[in-house]
Amino acid sequence: MPCTKELQIDKSLPVLVTGGTGYVAGVLISQLLDKGLTVHTTVRDPSKKDRIQYLQDVADKSSGSIKFFKADLLTPGAFEEAMQGCYAVFHTASPFTSEIKDPTKDLVEPAVHGTENVLLQCNKTPSVRRVVVTSSCVAIYTDAKETKEESPTNEETWNRTATLTHGPYALSKTLAEQKAWTIAGGQNHWTLCTINPSLVVGPGLKYHESSESFKLIKSLGSNDPNMAMGVPDFGLSCVDIRDVAAAHIAAAYLESAAGRHILSGPGYFISELAEAMGKKYADEYPIATKRLPGAMKYIMWVVAPFMGQGLDRKSVMDNVGYKCHFDNTKSKESLGIEYIPMETSVQEMYQQMIDEKVVEPITK
C-alpha cells in the first residue's frame, strides 16, 4: 500500500484533475475513483469518446464517478465549469517532451501560463480549499552532479542552473512551480501543496506512447539502435506512478500537509533499470543489458548535439557517472508514502508493454 496514513475524505465533494488523459492523471483518477469520489477531469475534446473510454471504463468498475469537461490549458476561464463545487484541484497538466523546436513556446509558456490559468480560477471558485500541483524534482536540480550523497538534496533547494538551452524542461517546471507559490501567497481561501517526483515509472492505465517514461523503458527493451553499444551510466532517480498518485491524494486530504514534497527512491543509472528488466525478461525479450563502458562518456560528449532527445554536452558531462541523491524523508513522514521498489516498477511497466504488444519477443 503506497500510503499508510488514514485520510478523512468527504465523498460528497467532487475534485478536479486537469489533463485527464495524461500518464500521472490516469492513475490518480483511478485511485480517486476507488475511494468513491466524483472526479471532474478536463480533456481537449470530450466528444472523442475513443480517447477517454478507458477512463470511463475504470469509473464504471469503481464506487466513484467521472465527468469530462473540455478545457484548453492556455484559455482564460476554460476551467470555470469543471471546477465548480470542487473541494480539491489536482493540476497535473504540463508538457513533458524532449522533442522541442522552441523551448519557450513548447515548454515554458504552456507550463507557466497553464498553471497561472488554473490557479487564478481557483481564486474565483469558493468551494476550492486545497490545490495540489504536480511539479517535479527538476524544479530542484538540473543535473545529477548537483546532488551529493553526503547531504542529499531536500525540498529547500530550488533549481538555479536550468536555462532555455540546457534543461529547458527543468526550467519550465521551476518557473511554473514558482508561479504557483506566488499565486497561492496572494490569497487565503485555499492552500497549496506541490508533489515533486523524479522520473515516474510503473504501469499506467494504458500504454502512453507519447510519455517520455514509456519511451525510455521501451528503448531499453526493443532493440533500440541508440542502445546498441550499451546502456550509459546516466544518473537519475525514479518513483512508481502509484506512489505519486497516492501522494497527491494524501496532500489533498491531510490537513497537516504543507509545502513541497520530493517523491523519489534511491538514485540509479539508466543501465541499472535495464538490468532490473533483464532479471525477468532477458531470456525472451531484447533487453539492453550491456553497459556502455565509462570511457565512452567522451564519445557521447562528441555526438550528444546530434543525437536529439534533449541531450547536450553538459548533460553528458554532469549526469553520466553521477547518481542522484534526494532526501525523501518528508514524503514518508508527512504523506505516509511507502515506496514500491524500482525493480517492481520497471518490470510491471515493461510487462504492460508486452501485454499490449508494444514490444516483440526475441525471434529464435
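Along each chain, residues carry numbers from 1 onward, in the same order as the chain's sequence is written. Where local features are concerned, this predicted model is filtered to residues with pLDDT of at least 70; where side-chain atom pairs are given and counted, the filter is 80 or more; whole-chain, interface and lining totals use all residues. Calculated side-chain values reflect all of the structure's heavy atoms, with hydrogen atoms and water omitted.

By the naming in an unreviewed UniProt entry, the chain goes by Anthocyanidin reductase ((2S)-flavan-3-ol-forming) and is assigned to Seminavis robusta. Its UniProt record gives the chain a comment under Sequence similarities (unreviewed entry), which states: "Belongs to the 3-beta-HSD family." UniProt positions are given in the numbering used here, feature names are shortened, and annotations may be inferred rather than shown by experiment.

**Observations concerning the nonpolar core**
Residues enter a nonpolar core if they are buried and are Ala, Val, Leu, Ile, Met, Phe, Trp, Tyr or Cys, with the set joined through side-chain atoms within 4.5 Å. When a residue's accessible area, from a 1.4 Å probe over protein chains only, is under 20% of the maximum for its type it is buried; when over 50% it is exposed; and in between it is partly exposed. If you look at the biggest cluster of nonpolar residues, it comprises 75 residues, and the most contacted ones within it are Leu32, Phe90, Ile217, Leu220, Leu273, Leu335 and Tyr350. Contacts are assigned to residue pairs with any non-hydrogen atoms lying within 4.5 Å of each other. With sequence-adjacent residues up to four places away left out, leucine 220 is seen in contact with Met227, Val231, Ile270, Leu273, Ala274, Met277, Pro286, Ile287 and Ala288. Within the second largest apolar cluster, 22 residues are counted, among which are Leu73, Ala78, Phe79 and Val89.

**Focus: the packing of aromatic side chains**
We call Phe, Tyr and Trp rings a pair once their centres come within 6.5 Å, taking the six-membered ring for Trp, and we label the pair stacked below 30 degrees between planes, edge-to-face above 60, and tilted otherwise. Under the defined criterion, the tally for this structure stands at 7 aromatic pairs. Between tyrosine 87 and tyrosine 253 the ring centres are 5.4 Å apart and the planes differ by 25°, which places this aromatic pair in the stacked class. You can see tyrosine 87 sitting in the loop between helix H3 (80–83) and strand S4 (88–91) and its partner tyrosine 253 sitting in helix H7 (residues 241–253), a full 166 residues away along the chain. Each member of the aromatic cluster is reached from another via a ring pair, and the members are Tyr23, Tyr207 and Phe214. Above the face of the tryptophan 158 ring, arginine 260 is positioned so that its terminal group lies 3.6 Å from the ring centre. Look at NZ for Lys and CZ for Arg. If either is within 6 Å of the ring centre and within 35 degrees of the ring normal, a charge sits over the ring. A cation over a ring is seen here: lysine 323 above phenylalanine 269, with NZ or CZ 5.1 Å from the ring centre. Strands here are runs of E lasting at least two residues and helices are runs of H or I lasting at least four, both read from the DSSP assignment and numbered beginning at the N terminus.

**Side note on empty space enclosed by the protein**
Detection works on a 1 Å grid of protein atoms alone, calling trapped sets that fit a 1.4 Å probe cavities and calling open sets with protein on both sides within 12 Å along at least five of seven lines pockets, with lining residues defined by an atom within 4 Å of a point. Grid points are joined across faces, edges and corners, and a volume is the space filled by probe spheres set on the points. In this structure the tally under the stated criterion is 1 cavity of 30 Å³ or more. With 3 residues, the single largest contributor to the lining of the largest cavity is helix H5 (residues 168–184). Side-chain classes are defined by residue name, with Ala, Val, Leu, Ile, Met, Phe, Trp, Tyr, Cys and Pro counting as nonpolar, Asp, Glu, Lys and Arg as charged, and the others, Gly among them, as polar. When the residues that make up the lining of the largest cavity are grouped by side-chain class, the tally is 4 nonpolar, 5 polar and 2 charged.

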